[in-house]
Amino acid sequence: MTALTSPYLWYSARATGIVSLVLLTVTIVLGTLVATRVGGNAVGRFELNEVHRSISMISIAFIAFHVVVTVIDSFVPIGVLSVVVPFTSRYQRLPVAIGTIALDLMLAVWISSVFKERIKHSSWRFIHWLSWLCFVSAAVHGFLSGTDAHRMWSELVTVGCITLVAASVVWRISMRPERAAGRTAHSPLSSGRASRPDAASSRVGTKDSNANRSSSRRPLTPEPAPPRAAQRERRP
Amino acid sequence: MGVRRRTESLRLRVDPIMCDGYGHCRELAPELVTLDEWGYPILSEQTFVATRKDLIHSAQLAVRGCPRQALWLEQFGPRN
């Protein structure tokens, strides 16, 4: 392989690495919102799911660019094998290996999602849990091997990403909707057929589930009885 | 899937074991799905013919968009 190097390749590798971390963060936060059934009023739940899928595709493109540029840049001796096999890089063996592990985990999550209809749902779900691990290894990889990792702005970005994902973990665990509590309100996209008046009271949390349940029962009664005051007035 | 004959009829079906009440199907196919008071789907019992492209499109969106993959589009033979 000819020695191909240019400062721009190295700049691209650094920039796409940082952007990839931000995109992975956004993907994980959106996935958490889907799993905890956020949405239904202002934004549809299916829309959050679609944005989650789309941004994950964009982050895959950025990560692919990051990896390809790093390999073809001969400024650092990272071979093609190091893309998928950890601990084969002569340059910064451990940090690059952690990045390789992150890429492998992300490939597993991606491929299992592409073949989601062909595999068991529980298998897909198990593999999808690995995306948390993928983010952790990507963040550690960026912190250990990033050229800009110890600059102020880069540390702020990394800490922001880690904070967001940690908040997602807490949200995912604490706000996990109990079964049958995840009712959706009407999306503004669903044309008003059989619209329910209590749409605004729908929430994700478990605390209000009883209140929601009783209020959502109301529209099932065909016609609300007129208030008593009105009945009294009619009497002679 | 294959070729759909004009006389074929279709129906959206749900696997109630897989369904977890995410409610995406209600948003994606409001003309075929209503929700019960716990957020689980009540699918339209009515079959529709293969010429209703709009309903097929909605149903396919719902099948694709289900996070639990609990939906499928059932096809019947020609009605007689």
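Now for a quick tour of the structure.

Cut-offs applied
Residues numbered from 1 in each chain as written. Chains lettered and ligands numbered in written order. Predicted model: local features only at pLDDT ≥ 70, side-chain atom pairs only at ≥ 80, totals over all residues. Heavy atoms only, no water. Helix = DSSP H or I, 4+ residues; strand = E, 2+ residues; numbered from the N terminus. Expected span 1.5 Å × (residues − 1). Polar contact = N/O pair within 3.5 Å; in protein donor to acceptor, adjacent residues only side chain to side chain. Patch = residues over 30% accessible without salt bridge, like charges linked within 9 Å, V, L, I, M, F, W, Y side chains within 5 Å. Areas by Shrake-Rupley, 256 points an atom, 1.4 Å probe, with all protein chains shown as cover. Salt bridge = Lys/Arg side-chain N within 4 Å of Asp/Glu carboxyl O. 1 Å grid on protein atoms, 1.4 Å probe; cavity = no way out; pocket = protein on both sides within 12 Å on 5 of 7 lines; lining within 4 Å. Points joined across faces, edges and corners; volume = space filled by probe spheres on them. Buried < 20%, exposed > 50% of the residue type's maximum accessible area, 1.4 Å probe, protein only. Phe/Tyr/Trp six-rings, centres within 6.5 Å; stacked < 30°, edge-to-face > 60°. Lys NZ or Arg CZ within 6 Å of the ring centre and 35° of its normal. Axes fitted to C-alpha atoms, helices over the stretch in contact; angles between N-to-C directions. Parallel < 35°, antiparallel > 145°, perpendicular 65-115°, else oblique. Left-handed = near helix turned anticlockwise from the far one by under 90°. Nonpolar A, V, L, I, M, F, W, Y, C, P; charged D, E, K, R; others polar.

## Concerning helix α1 (residues 7-35) of chain A
- Given a rise of 1.5 Å per residue, 29 residues ought to cover 42 Å, and the 42 Å separating the end C-alpha atoms of α1 of chain A matches this to within 8%.
- With a side-chain oxygen positioned 3.0 Å from the backbone nitrogen of Y8 of chain A, the residue opening α1 of chain A is S6 of chain A.

## Thoughts on a nonpolar patch on the surface
All names here are of chain A.
- Together, F87, L94, I101, V136, V140, F143 and L144 make up a nonpolar patch on the protein surface, roughly 590 Å² of accessible area in all.
- Tallying contributions element by element places helix α4 (residues 121-145) first for the nonpolar patch, with four residues.
- When you line up the elements, L144 lands in helix α4.

## What about the layout of surface pockets?
- One number sums up the size of the largest pocket: a volume of about 1000 Å³.
- Lining the largest pocket are 37 residues, with H52, V109, S113, W124 and H128 of chain A sitting closest to its centre.
- Counting only elements with at least two residues in the lining of the largest pocket, the list comes to α1, α2 (45-72), α3 (93-114) and α4 of chain A together with α2 (53-65) of chain B.
- Considering every element that reaches the lining of the largest pocket, the biggest residue donor is α4 of chain A, with eight residues.

## Observations concerning the side chain of S145 of chain A
- Along the chain, S145 of chain A turns up in helix α4.
- Among the polar contacts made by the side chain of S145 of chain A, one reaches the main-chain carbonyl oxygen of H141 of chain A at a distance of 2.8 Å.

## Quick notes on the side chain of H121 of chain A
- Tracing the sequence through the fold places H121 of chain A in helix α4.
- Take H121 of chain A: its relative accessible area is 11%, and that puts it in the buried class.

## Observations regarding the packing of aromatic side chains
- If you walk through the whole model with that rule in mind, you get one aromatic pair over all chains.
- Residues Y8 of chain A and Y11 of chain A carry aromatic rings whose centres are separated by 6.0 Å and whose planes lie at 90° to one another, so their mutual orientation is edge-to-face. Of this pair, Y8 of chain A and Y11 of chain A are both found in helix α1, three residues apart, which corresponds to roughly one turn of the helix.
- In this structure Y8 of chain A comes out as exposed when scored by relative accessible area, which is 62%.
- Sitting above the plane of the Y22 of chain B ring, R37 of chain A keeps its charged end 4.0 Å from the centroid.
- The ring of W124 of chain A has K116 of chain A sitting right over it, with the charged end atom 4.2 Å from the ring centre.

## What to know about the packing of α1 of chain A against α2 of chain A
All names here are of chain A.
- Contact geometry for α1 and α2: axes closest at 8 Å, N-to-C directions at 160°. What the angle tells us is that α1 and α2 run roughly antiparallel. Relative to α2, α1 is oriented so that their crossing is left-handed.
- When the residues that make up the contact of α1 with α2 are grouped by side-chain class, the tally is 18 nonpolar, 12 polar and no charged.

## Quick notes on the pattern of salt bridges
- Under the criterion given, the structure shown has seven salt bridges over all chains.
- Notably, a salt bridge pairs E50 of chain A with R53 of chain A, separated by 3.6 Å at the nearest N-O pair. Linking E50 of chain A with R53 of chain A, this pair stays in helix α2, spanning three residues, or about one helical turn.
- The residue E74 of chain B makes a salt bridge to R13 of chain B at a minimum N-O spacing of 2.9 Å. Pair noted here: E74 of chain B is in strand β5 (residues 71-78) and R13 of chain B is in strand β1 (residues 8-14), with a separation of 61 residues, a long-range link.
- By relative accessible area, which is 23% here, E74 of chain B ends up partly exposed.
- One salt-bridge network, in which partners are shared between bridges, spans R14, D148 and R151 of chain A.

Without other data, these values stay purely geometric and don't point to any function.
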